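# Fold and contact review
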Number of protein chains: 2
Amino acid sequence: MANEKKIDCVILGLLSHEELTGYEIKKRMDTTLKYFWSASYGSIYPALSDLVNRGLATKREDKENKRNKLIYTITDGGRNYLKKWLTLPVEKDELRYETLLKLFFGNEQDIEQVLSHIKLFEEKIKKELPYLLGAEKVLKDCLDDDIAHKYYLLTVTFGLKTYRTYLEWCEEAKKFLMENGE
Amino acid sequence: MANEKKIDCVILGLLSHEELTGYEIKKRMDTTLKYFWSASYGSIYPALSDLVNRGLATKREDKENKRNKLIYTITDGGRNYLKKWLTLPVEKDELRYETLLKLFFGNEQDIEQVLSHIKLFEEKIKKELPYLLGAEKVLKDCLDDDIAHKYYLLTVTFGLKTYRTYLEWCEEAKKFLMENGE
DNA sequence: TGACTTATATATCAGACTGATATATAATGA
DNA sequence: TCATTATATATCAGTCTGATATATAAGTCA
C-alpha cells in the first residue's frame, strides 16, 4: 500500500473513462494530460501487461480492425485500486523547467543568449495557448454531456492561467535583463 | 554532443558559483533550486565521482574540518562543458503535478475528496510563499553584490507569480466545484 | 556528565521511467 | 505506383529517485 506506481494509476484512470489501446493511451498523454503529466511507450506497454497479470485490467484483440490492436478494459479490481489511490494524499507536485535552470546559470552566458532562452520559452507557450483556449470553449459548451468534463475543464483553466502568467513573467524578465544587463 | 546528462550540468552550474561538497549541493537543490529543479543523493554522489574521472571537476579533502568532507571544484574543462550546454536550446520544460492528475480523475471520487486535494495543494503553496517573499526582498536589496543575483531573482519572481496564480486558481476551482457538484 | 536528538556527510541499490530504436501494417496523397 | 505519414506494439540501455545504511559532530535537556 502507498507504493502505487504512478504509471499504473494514470492508465487505470484513463481506462476508467473508456477502454483503450496502448497507442491511444499514449495519445491521451500527449494531448489531454500533456499539461500536467507525461509517459512514454517504454512505461505504458509493460504496465499494461502487468495490470492484466494482476487482474486490474483485461486484454482482448480487436477483430473488426485489420491491425492487431489490443484493447484494454478496467476490471472491478482495477477500479477499486484506482479509487484507493485517489483517497491517498498527493505525494509530489513537481516542476522541472530546464529554461529556469539555464537562466539561473545566466552569469556563464552573455545577455543575448539568456534572452534567447526566454524568447524560445515564450514562443513555446504562445503556441500552446490556442489549443487550450479551444479546449476551454468546447468543454464549457458541453459541460453537462459527461461528468468527467468539469474536471477536465479545471485542468485546462489551470493551464490557461499559468501560461498567461508565464507570458507576463517573460515580458518582465526581458525588460529587467535589458535594463540590468552588464 | 547534445547528450549532456542533466545532473552533470546542474552540478557544474552550482560549482561555477563556488566549490561545494555533495551534501552542500543537495542543500542547494532543496532550497534555491527547489522551485524548478531537484536531484537526489543517488544521482549527485555518483555524478561527482564521474565528473572527477572525466576531468571536469577536482576533489580534495577538507583537513580543517573534523569530518571527512570532500570538496569539489570546477576545472576549466568543466566550465567549457557547462558553457557549451548553456548554448544548446532547452530540451524539455516539464510540469508533473499529481494534484492535477487526481483532479482529472475526479469522477471516481466524491466532491469532498476532490476538494480536499485542492485544499492541501493550496496550503502547500501558501506555506512556501513567505520563503519566496523573503528571498525576493534580500535579492532586491543586494542585487549588485553578485552578478548571479539577478538571475536568481528572476527565478524567484517566476515562482512568486506562478504561486499567486495557483492560489487564484484554487479559489476559482473550489467555487466552481461547489456550484457544479453532483 | 550522560542520554538523546538532530544535522552533517558519504555511499549504494532496487526499481521506475525516459528516449531511442526496431518492426510492421494501413492510409493518404501526389 | 511510390513515398510519406499515421497506426500499433515491443524492448532496452541508461538516467534518476527514494530508501536505506553508516558514521560522526553538534545541540539540548536534565
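Located above this text is the structure these notes cover.
Here is a short report on the structure shown in this document. Nothing here was measured: the structure is a model prediction, and the numbers come from that model. (Residues numbered from 1 in each chain as written. Chains lettered and ligands numbered in written order. Predicted model: local features only at pLDDT ≥ 70, side-chain atom pairs only at ≥ 80, totals over all residues. Heavy atoms only, no water.)

## Comments concerning the protein's contact with DNA strand D
Taken together, 24 residues sit near DNA strand D, with A:Tyr23, A:Arg67, A:Lys69, A:Leu70 and B:Arg67 positioned nearest. Backbone atoms, meaning sugar and phosphate, make up 67% of the atoms of DNA strand D lying within 4 Å of the protein. With respect to DNA strand D, the side chain of B:Ser43 contributes an N or O atom lying 3.0 Å from a phosphate oxygen. Counting residues per element, the ones that place at least two in the surface near DNA strand D are helix H2 (22-31) and helix H3 (41-53) of chain A together with helix H1 (6-17) and helix H3 (41-53) of chain B. Broken down by element, the residue count for the surface near DNA strand D peaks at 4 residues, all from H3(A). (Near = heavy atom within 4 Å. Polar contact = N/O pair within 3.5 Å; in protein donor to acceptor, adjacent residues only side chain to side chain. Helix = DSSP H or I, 4+ residues; strand = E, 2+ residues; numbered from the N terminus.)

## Notes on the relation of the copies chain B and chain A
For the pair chain B and chain A, the superposition axis carries a translation of 0.0 Å, the fit reaches an RMSD of 0.0 Å, and the rotation angle comes to 180°. Within this description, the copies of the chain are treated as partners about a two-fold rotation axis. Within chain B, the C-alpha atom positioned nearest to the axis of rotation is that of B:Leu95, 2.2 Å from it. With an isologous cut-off of 70% or more, the 100% of interface residues of chain B that recur at the interface of chain A puts this contact in the isologous class. (Least-squares fit on C-alpha atoms with pLDDT ≥ 70 in both. Contact = heavy atoms within 4.5 Å.)

## With respect to the protein's contact with DNA strand C
Close to DNA strand C lie 24 residues; A:Ile7, A:Arg67, B:Arg67, B:Lys69 and B:Leu70 are nearest. Protein-proximal atoms of DNA strand C, defined as those within 4 Å of the protein, fall in sugar or phosphate at a share of 65%. Measuring from a phosphate oxygen of DNA strand C, one finds a side-chain N or O atom of B:Tyr45 at 2.9 Å. Here a phosphate oxygen of DNA strand C sits 3.1 Å away from a polar atom, N or O, in the side chain of B:Lys92.

## Quick look at the packing of aromatic side chains
Residues and elements named next belong to chain A. Tallied over the entire structure, the rule returns 32 aromatic pairs over all chains. Here Tyr-35 and Tyr-163 contribute two aromatic rings whose centre-to-centre distance is 5.9 Å and whose plane-to-plane angle is 75°, an arrangement assigned as edge-to-face. You can see Tyr-35 sitting in the loop between H2 and H3 and its partner Tyr-163 sitting in helix H7 (residues 149-180), a full 128 residues away along the chain. Since its relative accessible area comes to 11%, Tyr-35 is described here as buried. (Phe/Tyr/Trp six-rings, centres within 6.5 Å; stacked < 30°, edge-to-face > 60°. Buried < 20%, exposed > 50% of the residue type's maximum accessible area, 1.4 Å probe, protein only.)

Keep in mind these values describe shape, not function.
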